[in-house]
Every structure is written in C-alpha cells, then in structure tokens.
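# Observations on the three-dimensional arrangement
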Amino acid sequence: MSENKPYCISKWAVLRAWHKVRANKGAAGVDDVSIKEFEKKLDNNLYRIWNRMSSGSYMPPPVKRVMIPKADGKQRPLGIPTVGDRVAQMVVKMELEPKVESLFHPDSYGYRPGKSALDAVGACRKRCWRYDWIVDLDIKGFFDNIDHPLMMHAVGKHTDSPWMLLYIERWLKAPVETEDGIVTARDRGTPQGGVVSPLLANIFLHHAFDMWISQEYPGCPFERYADDVVIHCSSQKQALAVKAAVEARLGQCKLEAHPDKTRIVYCLDSNRTEEHEPIKFDFLSYTFRPRSAQNREGEFFCSFLPAISAKAVTAILAEVRTWDIHRMSDKELTDLKRMFNAKIRGWIAYYGKYYPSALHRVFRRLNRRLVRWVQQKYKRFRRHQGQAWQWLRRLARAQPDMFAHWKLGMVP
C-alpha cells in the first residue's frame with residue numbers, strides 16, 4: 001500500500017468485500033455491468049475501487065431505482081447500486097458492523113448475523129401468550145425518509161473513522177436514476193437494496209427506538225425486524241399510552257407512524273373473554289389471530305397463533321401460476337422436481353415453522369396444476385381428471401420424496 005494515501009484501507013479488505021458481493025449475486029446497476037462482466041477485469045476494477053477509496057476521491061454512482069410489485073398490488077422502490085459500488089459499501093460494512101453488532105438490542109432481528117425473521121416470529125408468538133395487547137407499529141416510508149444529519153449523528157456515536165463517515169454520507173446523498181433514465185438528487189432516506197443500508201437502518205433505529213423504549217417502557221418487550229415492529233403491553237390503557245409516546249418519539253426523529261396501519265390489537269384466546277377489535281395483525285408475512293389448538297390431553301381450545309398470511313398465500317399462488325406447469329408436457333416429473341423443489345422447500349421452511357396446516361391451501365393448488373400436467377402429458381387422462389388424480393395420488397404415496405410438500409403428507 002502506498003504511503004501517500006490519506007486513508008489506510010487494505011487491499012485485502014477490498015478483495016474480501018468482492019467475494020461477499022459475488023456470493024450475494026444481484027443485478028447490474030446503472031452502468032449495466034453484471035457480476036460476471038465485472039469479474040472479467042477483476043484486478044483493474046478492484047484496484048480502482050481501492051485506489052479511489054484510499055485517496056478520498058471515490059464518488060458513488062447513481063443508484064438504479066426499480067419498482068418491485070407487492071402482494072397488495074402496490075409497488076415499492078428498490079435501489080440497486082452498481083457492482084463496484086456494492087464492493088465499496090461492503091468494505092465499510094465489514095469495518096463498521098463488528099463495532100455495533102454487540103451493542104444492538106437482542107430483540108432487533110433484521111439483517112443481523114445469527115438472527116432471522118423466524119426468530120422474531122417465534123418470540124412474538126410466545127409474548128402474545130403472556131401479554132394481552134400489542135401495538136402494531138408501521139413506520140411510514142422509513143427507508144425513504146431517514147433524516148441524513150440524524151443518521152450521521154447516530155453513526156458518529158460508533159466510529160470516528162474519517163473515511164467511513166465520508167463515504168457513508170456520500171452514499172446517503174447519492175442520486176437515484178429511474179428506469180427511464182431520469183436522475184434525481186436525494187436529501188433524505190437510504191435506498192433499500194444497498195449493501196450498507198440495512199446496517200445504517202439498524203443503527204438509526206437502535207437510537208431512535210430500541211434504546212428509547214427499553215428505557216421509557218421497560219415492561220413492554222418488542223420485536224423489531226428492520227422497520228417492522230410489534231410492542232407488547234399488559235393492558236389497553238398501557239397500549240394507548242405506548243402508541244402515543246412512540247408516535248411522538250418518531251416525530252422527534254423526523255419520522256411518522258403510519259396513521260392507518262399503526263394499530264392496537266387484542267390477543268384474543270380462551271383465557272381472554274373481553275370483546276375488542278381488531279384481534280389480528282400481520283408480522284413478517286405471518287398473520288397472528290385466534291386459532292384452534294390442541295393440548296396434551298387432546299382437548300381443543302382457542303390460542304393466539306401465527307400462520308402464513310393471506311398476502312403471502314396470494315403471492316405464492318401468483319408465482320406458481322407463472323410456472324405454467326400444465327404447459328410443460330415435454331418435461332418429465334423429475335424435471336419438474338429439479339425446477340421447482342428448491343422453491344417449495346423454501347416456502348415450507350419459512351411458512352411451515354408455525355401452524356403448517358395453513359399451507360394445505362397453497363399445496364392443494366399446486367397439486368391441481370400437477371394434475372393438469374398429468375392430463376396434458378398422458379393422452380389416456382385427457383378427459384378423465386378423476387383418474388389423473390388417482391394416478392398422481394398413487395405416485396405421491398409411492399415416491400413421497402418427489403416433491404417437498406408430498407413428503408409432509410400434502411399429497412393429491
């Protein structure tokens with residue numbers, strides 16, 4: 001490393017950052033350079049990043065903005081940095097994350113090593129049994145509205161490194177380029193999709209929310225996954241007070257609780273006989289609501305439990321439709337297994353963790369599409385759907401490993 005560089009950044013750090021970016025894959029940014037194309041001139045590209053970062057002359061290119069469809073039919077913006085910019089961001093993330101990770105609250109789950117969305121769902125499930133009320137907090141446009149000076153103030157509590165502070169501020173201010181080529185300056189927010197954005201979001205909410213509520217309302221535990229938050233309360237009166245206080249706190253931090261989506265919910269079950277509405281809420285694609293459960297003695301009762309949400313079901317079924325399985329009569333069943341089983345296993349791993357019977361609705365639809373495939377594949381079943389069902393059912397029982405949902409007993 002040359003001694004005349006103002007910032008001491010290791011070339012090895014840039015190389016390690018590249019390996020992480022390559023492993024994460026991802027699309028090209030505004031320069032249309034893919035990971036594969038970036039790798040063709042890897043040495044030159046990495047040297048250029050190191051040289052500019054070390055000299056203080058690195059300027060982030062605009063972030064490519066694409067609109068991602070949501071389950072409710074709306075769209076959310078996703079910011080895609082260039083591959084080179086993702087490497088630069090990873091250098092900063094690798095340096096900053098170890099400094100803050102041990103300080104984060106244990107009930108902050110999003111984008112943290114060793115923590116997952118399912119961990120948050122599980123913790124929420126247990127606390128809904130112990131606490132009668134929750135505040136379902138929705139921060140309006142969180143990633144788009146983070147105040148830059150407040151963000152830099154929060155980051156400054158954890159590092160005084162001049163080069164990290166310099167580049168984080170530049171990333172916050174990097175312009176956005178839309179799909180039709182319009183470049184827009186940004187004076188607030190951090191783009192969803194950036195490598196360093198989730199870490200910055202956690203740092204901001206660590207100070208704006210986690211530490212604040214732990215001090216102000218120590219008897220109200222919470223689960224937070226990025227900007228998705230559930231707060232548990234012992235009474236309706238406490239829930240109303242917490243909701244009002246959180247809304248005021250967010251206002252101090254130049255954020256806003258969504259007026260229509262932030263709600264107080266009653267966790268109705270067999271032991272809670274009061275009548276209140278609403279009695280359900282969504283958290284991380286699970287819907288929490290009163291559901292039938294069975295105790296060890298085999299008796300049924302009402303418990304407040306999570307299961308796959310209706311929005312998640314709709315999104316999965318929409319994806320299954322795009323597969324057009326019934327049009328793949330040129331394929332064998334083993335081909336379909338190879339093409340789709342990994343995705344099916346992923347759905348089961350996430351949504352089958354809690355109340356897996358709710359997945360039957362999803363996989364009944366998938367089985368119907370497999371039956372249509374059987375009818376198109378084999379002429380003898382074209383006009384005999386019942387026989388096609390019987391054929392597929394026998395196959396599922398004989399070869400349950402063919403598809404992941406068959407193995408769980410969700411056979412035709």
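Remember, predicted model here, so these are calculated numbers, not experimental data.

Rules used in this analysis
Residues numbered from 1 in each chain as written. Predicted model: local features only at pLDDT ≥ 70, side-chain atom pairs only at ≥ 80, totals over all residues. Heavy atoms only, no water. Core = buried A, V, L, I, M, F, W, Y, C linked by side-chain atoms within 4.5 Å. Buried < 20%, exposed > 50% of the residue type's maximum accessible area, 1.4 Å probe, protein only. Helix = DSSP H or I, 4+ residues; strand = E, 2+ residues; numbered from the N terminus. Contact = heavy atoms within 4.5 Å. Polar contact = N/O pair within 3.5 Å; in protein donor to acceptor, adjacent residues only side chain to side chain. Pairing = 2+ DSSP bridges. Axes fitted to C-alpha atoms, helices over the stretch in contact; angles between N-to-C directions.

Among the nonpolar cores identified, the biggest contains 66 residues, and Met53 and Ile231 are the most heavily contacted of them. No other element matches helix 9 (residues 197-216), which puts ten residues into this core. Apart from residues no more than four positions distant in its own chain, Ile231 is found in contact with Trp133, Ile134, Val135, Phe209, Ile213, Cys220, Pro221, Phe222, Val242 and Val246. In terms of nonpolar packing, the next biggest core, distinct from the first, is built from 56 residues, Ala226, Ile348, Ala388 and Trp391 among them.

The residue His232 is located in strand 7 (residues 228-233) in this model. Given a relative accessible area of 0%, His232 falls into the buried group. Among the polar contacts listed, one links the side chain of His232 to the side chain of Glu223, at a separation of 2.8 Å. Sequence-distant contacts of His232, that is, excluding residues within four places in its chain, are made with Cys124, Arg127, Cys128, Tyr131, Trp133, Ile134, Cys220, Pro221, Phe222 and Glu223.

Read across the open sheet, the three strands follow the order 9-10-11; overall the sheet is antiparallel. Unpaired on one side and paired on the other, strand 9 (281-283) and strand 11 (300-308) mark the two borders of the sheet. For this sheet, the mean angle separating the axes of adjacent strands, direction not counted, is 50°. Bridge analysis of strand 10 (residues 286-294) against strand 11 gives nine bridges, and the strand direction is antiparallel. Of the residues in strand 11, the one forming a bridge with Gln294 is Phe300.

Judged by pairing direction, the sheet is antiparallel, and its four strands sit side by side in the order 6-7-3-8 without closing on themselves. The open sheet has two edge strands, strand 6 (222-225) and strand 8 (263-266), and neither has a second partner. Between one strand and the next, the sheet's axes are offset by a mean angle of 20°, whatever the strand orientation. Taken together, the six bridges between strand 3 (residues 133-138) and strand 7 define a ladder with antiparallel strand orientation. Residue pairing across strands places Ile134 opposite His232, the latter belonging to strand 7.

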